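Descriptive analysis of the structure
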Amino acid sequence: MKELKEQELKNVKGGGISIGVATLITVGAAFLIGVIDGLVRPLKCN
């Protein structure tokens, strides 16, 4: 196993998820849940 120097450690990129991707996944899930809920239990407009 290779030991990294301090400068090399600062350049390591992680596998994190960006805020935009997390927002897109959350909005997409909420939209799909709303569509499925509307198909399963349709409610009349008042």
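Residues numbered from 1 in each chain as written. Predicted model: local features only at pLDDT ≥ 70, side-chain atom pairs only at ≥ 80, totals over all residues. Heavy atoms only, no water.

Let us look at the overall build of the protein. Looking only at helices and strands, one finds two helices and zero strands in the protein. In the structure as shown, the protein presents an accessible area of about 4800 Å², 67% of it carried by carbon and sulfur atoms. Charge-centre separation for the protein: the mean point of 6 positive side chains lies 10 Å from the mean point of 4 negative side chains. (Helix = DSSP H or I, 4+ residues; strand = E, 2+ residues; numbered from the N terminus. Areas by Shrake-Rupley, 256 points an atom, 1.4 Å probe, with all protein chains shown as cover. Lys, Arg positive; Asp, Glu negative; His and termini not counted. Charge placed at Lys NZ, Arg CZ, Asp CG, Glu CD.)

Further remarks concern a nonpolar patch on the surface. There is a patch of nonpolar side chains on the surface, built from Phe-31, Leu-32, Val-35, Ile-36, Leu-39 and Val-40 and spanning about 650 Å² of accessible area. Mapped onto the elements, Phe-31 comes out in helix α2 (residues 19-40). (Patch = residues over 30% accessible without salt bridge, like charges linked within 9 Å, V, L, I, M, F, W, Y side chains within 5 Å. Salt bridge = Lys/Arg side-chain N within 4 Å of Asp/Glu carboxyl O.)

Quick look at α2 now. Since the α-helix advances by 3.6 residues per turn, residues separated by three or four positions end up pointing in the same direction. With 22 residues, α2 extends 32 Å from end C-alpha to end C-alpha; this agrees with the ideal 32 Å at 1.5 Å per step. Among the 22 residues that make up α2, zero are buried, leaving the element largely open to the surroundings. (Expected span 1.5 Å × (residues − 1). Buried < 20%, exposed > 50% of the residue type's maximum accessible area, 1.4 Å probe, protein only.)

Overall, the coordinates contain three salt bridges when judged by the stated rule. Notably, a salt bridge pairs Lys-2 with Glu-8, separated by 3.7 Å at the nearest N-O pair. Judged by relative accessible area, which is 32%, Glu-8 ranks as partly exposed.

Further remarks concern the environment of Ile-36. With respect to the secondary-structure elements, Ile-36 resides in helix α2. For Ile-36, a relative accessible area of 51% translates into the label exposed.

Keep in mind that these numbers describe shape and distance, not what the molecule does.
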